[in-house]
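Structural features, examined
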Amino acid sequence: MTEQLSYEQARAELAEVVQKLESGGGTLEESLALWERGEQLAKICQTWLDTAKAKLDAATSNS
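Since the structure is predicted, the reported quantities are computational estimates derived from the model, not experimental observations.

Considering helix α2 (residues 28-61)
In this model α2 runs 49 Å from its N-terminal to its C-terminal C-alpha over 34 residues, within 8% of the 50 Å that 1.5 Å per residue would give. Every buried residue of α2 is accounted for by Arg37, Gly38, Leu41, Ile44 and Cys45.

Concerning the pattern of salt bridges
Here the structure, examined in full by the defined rule, presents two salt bridges. Note that arginine 37 is salt-bridged to glutamate 13, the shortest N-O span being 2.8 Å. On the criterion of sequence distance, the pair formed by arginine 37 in helix α2 and glutamate 13 in helix α1 (residues 7-23) is long-range, its members being 24 residues apart. Given the relative accessible area of 18%, arginine 37 is considered buried. The class for glutamate 13 is partly exposed, based on a relative accessible area of 26%. Of the charged contacts, one joins aspartate 57 and lysine 53 as a salt bridge, the two residues approaching to 2.8 Å between their closest N and O atoms. One end of the pair is aspartate 57 and the other is lysine 53, both in helix α2 and four residues apart, which spans about a single turn.

Conventions used here
Here the residue numbering is sequential within each chain, running from 1 through the sequence in written order. Local features in this predicted model are restricted to residues whose pLDDT is 70 or higher, and side-chain atom pairs enter the listing and the counts only when it is 80 or higher, whereas totals over whole chains, interfaces and linings include all residues. Side-chain calculation: all heavy atoms of the structure are included, whereas hydrogens and water are not. Strands here are runs of E lasting at least two residues and helices are runs of H or I lasting at least four, both read from the DSSP assignment and numbered beginning at the N terminus. For a helix, the expected span equals 1.5 Å multiplied by the number of residues minus one. A 1.4 Å probe rolled over the protein chains alone gives each residue an accessible area, and that area as a share of the maximum for its type sets the label: buried under 20%, exposed over 50%, partly exposed in between. Criterion for a salt bridge: a side-chain nitrogen of Lys or Arg within 4 Å of a carboxyl oxygen of Asp or Glu.

Shown next as structure tokens:
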């Protein structure tokens, strides 16, 4: 099941994940879980961006 997050929500959470990973201090297991969550969020963001690009491409090719 794919999460229904807006681009802005996914990007904000991804920024939090990156900040937590950069600050360190967690266990290896916690860091791995954060990394995996970051990967999920990055995919969500990329899907939003790809969709937006496709819509723009379609709009500009019809002009």
